[in-house]
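Fold and geometry: a report
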Number of protein chains: 2
Amino acid sequence: MSDDSRDLSRRERQIMDLLFRVGRATAAEVREGLPDAPSYSAVRALLRILEQKGHVRHEEEGRAYVFLPVVRRDAARQTALSHLLKTFFDNSAEQAVAALLAIKGEKMSEAELDRMSRLIDAAKKEGR
Amino acid sequence: MSDDSRDLSRRERQIMDLLFRVGRATAAEVREGLPDAPSYSAVRALLRILEQKGHVRHEEEGRAYVFLPVVRRDAARQTALSHLLKTFFDNSAEQAVAALLAIKGEKMSEAELDRMSRLIDAAKKEGR
DNA sequence: TAGCATGTGCTAGAATTTTAGCAATAGTGA
DNA sequence: TCACTATTGCTAAAATTCTAGCACATGCTA
């Protein structure tokens, strides 16, 4: 099982992104979340393929299958974040934070910014 | 031209990521950077398609073409970062910073952490 | 109960992506 | 000069992805 999202085809990636975002979903819910959604049976076929590839598993709820990523969200987000840093930020966390604040800074509460400051302070203390 | 990377096929995405990372590259350089690299002519064919789709353009250096993304890295990274926040962090910058520090915090210099603190302080001031 | 909605497994074909080869040309080094 | 390497434009076929339909089953409602 490769957890490298760069190995995913276009639709596979759309579906994995959606599952990571919402955590778990029926085929119908997956379909609703897809851009240019194909038919219900097309979505199921894709989910079956993702399951065969080991990216997705399903649980039964009543008679419906609910699909969820095999890789936990925590792990997936670290991988994705590392890849983003490498691709767009020359592996610099500082640059990423600057970009983050450029996008979100105006909309963040002071309390939220304070909590972020404290995270950084904690990292400073651990660095010693 | 759609700048949504979720519309890209597997190879297209690998190539775009590489071009964003290094900025510009010849077909041979692109090929060297690809996982499970196909032949030189396969890479060129993919680059030609990416150019036709408007994601990539080329400049001539001597007789060689150098390829670069049409979208500037600044813009691409904001898009990618926004998508990452949405997919994996419930749109929370704070969560993203926490994950970032979890990955990179131990390896960051105190000076770097200070600069990050100052970015956050600046965002606080602008928020008023 | 019948009909509709919603679900599954499966299949196959359409569509797209990926691949590499050919022909021609230019550059380089022995 | 010649042989090799590196480049381009182009083409077509192989491979993969994407799509939807069928048959069957279950659940719900009028």
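Residues numbered from 1 in each chain as written. Chains lettered and ligands numbered in written order. Predicted model: local features only at pLDDT ≥ 70, side-chain atom pairs only at ≥ 80, totals over all residues. Heavy atoms only, no water.

1. Quick look at the protein's contact with DNA strand C
Quick note on the threshold: Near, as used in this document, describes a residue that has one of its heavy atoms within 4 Å of the molecule or strand being considered. Pairs of N or O atoms within 3.5 Å make up the polar contacts considered here, provided that, within protein, one atom can donate a hydrogen while the other can accept it, and that residues adjacent in sequence are counted only when both atoms are side-chain atoms. Helix numbering and strand numbering both begin at the N terminus, where a helix is a DSSP run of H or I of at least 4 residues and a strand a DSSP run of E of at least 2.
Inspection of the region around DNA strand C gives 21 residues, with A:Tyr40, A:Arg63, A:Tyr65, B:Ser9 and B:Ser39 positioned closest. Here, DNA strand C places atoms within 4 Å of the protein, and 52% of those atoms are sugar or phosphate. A distance of 2.6 Å separates a phosphate oxygen of DNA strand C from a polar atom in the side chain of A:Tyr65. Contact distances for DNA strand C include 3.1 Å between a base nitrogen and a side-chain N or O atom of B:Arg63. Examining the composition of the surface near DNA strand C, we find that 6 residues originate from one element, helix α3 (residues 40-52) of chain B, more than from any other.

2. Thoughts on empty space enclosed by the protein
All names here are of chain B. Heads up, the condition is: Cavity means a closed set of points on a 1 Å grid over the protein atoms alone, one where a 1.4 Å probe fits but cannot get out, pocket means an open set with protein on both sides within 12 Å along at least 5 of 7 lines, and lining means a residue has an atom within 4 Å of a point. Grid points are joined across faces, edges and corners, and a volume is the space filled by probe spheres set on the points. Note on residue classes: Ala, Val, Leu, Ile, Met, Phe, Trp, Tyr, Cys and Pro are nonpolar, Asp, Glu, Lys and Arg are charged, and everything else, Gly too, is polar.
The final tally for this structure, using the stated rule, is 1 cavity of 30 Å³ or more. Roughly 40 Å³ of internal volume is contained in the largest cavity. With 3 residues, the single largest contributor to the lining of the largest cavity is helix α5 (residues 93-104). For the lining of the largest cavity, a count of residues per class yields 8 nonpolar, no polar and no charged.

3. Here's the deal with the protein's contact with DNA strand D
Around DNA strand D, the structure places 19 residues, and the nearest of them are A:Ser9, A:Ser39, A:Arg63, B:Tyr40 and B:Tyr65. Contact distances for DNA strand D include 2.7 Å between a phosphate oxygen and a backbone N or O atom of A:Ser39. In this structure, a base nitrogen belonging to DNA strand D sits 3.0 Å away from a side-chain N or O atom of B:Arg63. It is helix α3 (residues 40-52) of chain A that provides the largest number of residues to the surface near DNA strand D, a total of 5 residues. Of the residues belonging to the surface near DNA strand D, the class tally is 8 nonpolar, 3 polar and 8 charged.

4. Let's talk about the sheet that holds strand β1 (residues 25-26) of chain B
All names here are of chain B. Worth spelling out the cut-off: In this description, strands pair whenever DSSP reports at least two bridges between them. Between two residues, a contact is recorded if the distance between any of their heavy atoms is within 4.5 Å. For every element, the axis is a line fit to its C-alpha atoms; helices are fit only across the contacting stretch, and the angle between N-to-C directions ranges from 0 to 180 degrees.
Taken in spatial order, the 3 strands line up as β1-β3-β2 in an open sheet, and their pairing is antiparallel. A strand with exactly one partner marks an edge of an open sheet, and here the two such strands are β1 and β2 (56-61). As defined by bridge partners, β1 adjoins strand β3 (residues 64-69) across 2 bridges and the pair is classed as antiparallel. Bridge pairing in β3 places Ala 25 opposite Phe 67. Across the sheet, α3 is in contact with β2 and β3; its angle to β2 comes to roughly 120 degrees.

5. Quick look at the domain arrangement of chain A
Put simply, the rule is: These domain limits were set by an automatic method or by a database of domain assignments.
In terms of domains, chain A is made up of domain 1 (5-69) and domain 2 (92-128). Summarising the inter-unit geometry, the C-alpha centres of domain 1 of chain A and domain 2 of chain A are found 33 Å apart.

6. A closer look at the pattern of salt bridges
What counts here: Salt bridge, as applied in this entry: a Lys or Arg side-chain nitrogen positioned within 4 Å of an Asp or Glu carboxyl oxygen. Burial classes follow relative accessibility: with a 1.4 Å probe on protein chains only, a residue under 20% of its type's maximum area counts as buried, one over 50% as exposed, and anything between as partly exposed.
Applying the stated rule across the entire model yields 18 salt bridges over all chains. Taking the shortest distance from any N to any O, the salt bridge between B:Arg73 and A:Asp90 comes out at 3.2 Å. Of this pair, B:Arg73 sits in helix α4 (residues 73-88) while A:Asp90 sits in the loop between α4 (73-88) and α5 (93-104), on two different chains. We classify B:Arg73 as partly exposed; its relative accessible area is 22%. Residue class for A:Asp90 comes out partly exposed when judged on its relative accessible area of 48%. Residues B:Arg115 and A:Glu94 are paired through a salt bridge, measuring 2.9 Å at the closest nitrogen-oxygen approach. One end of the pair, B:Arg115, is in helix α6 (residues 110-127); the other, A:Glu94, is in helix α5, on a second chain. B:Arg115 sits in the partly exposed class, given a relative accessible area of 35%. Several salt bridges converge on common partners, so that one network encompasses A:Arg24, A:Arg57, A:Glu59 and A:Glu61.

7. Section: the interface of chain B and chain A
Which entries qualify depends on this criterion: Each of two parts loses accessible area, computed with a 1.4 Å probe, when they are put together; buried area is these two losses added.
Residue-level contacts link 54 residues of chain B with 54 residues of chain A. Each partner contributes to the roughly 5400 Å² buried at the junction of chain B and chain A, and carbon and sulfur atoms together form 63% of this total. Sorting the residues of chain B by area buried against chain A places B:Arg13, B:Phe88 and B:Glu94 first, and these three jointly supply 13% of that buried surface. For B:Asp114, the salt bridge identified is with A:Lys124, shortest N-O distance 2.7 Å. Across the chain B-chain A interface, the total number found is 19 residue pairs in polar contact (both at pLDDT 80 or more). The set of elements that each furnish at least two residues to the side of chain B that touches chain A consists of α1 (10-22), α4, α5 and α6 of chain B. When residues of the side of chain B that touches chain A are assigned to their parent elements, the largest contribution, 13 residues, is made by α4(B).

8. Here we look at the relation of the copies chain B and chain A
Filter applied, for reference: The copies were overlaid with a least-squares fit restricted to C-alpha atoms from residues scoring a pLDDT of at least 70 in each copy.
Taken as rigid bodies, chain B and chain A are interconverted by a rotation of 180 degrees and an axial shift of 0.0 Å, the fit giving an RMSD of 0.1 Å. What the rotation and shift describe, once combined, is the action of a two-fold rotation axis. Mapped onto chain A, 100% of the interface residues of chain B are again interface residues, and the two copies thus contact each other with one and the same surface.

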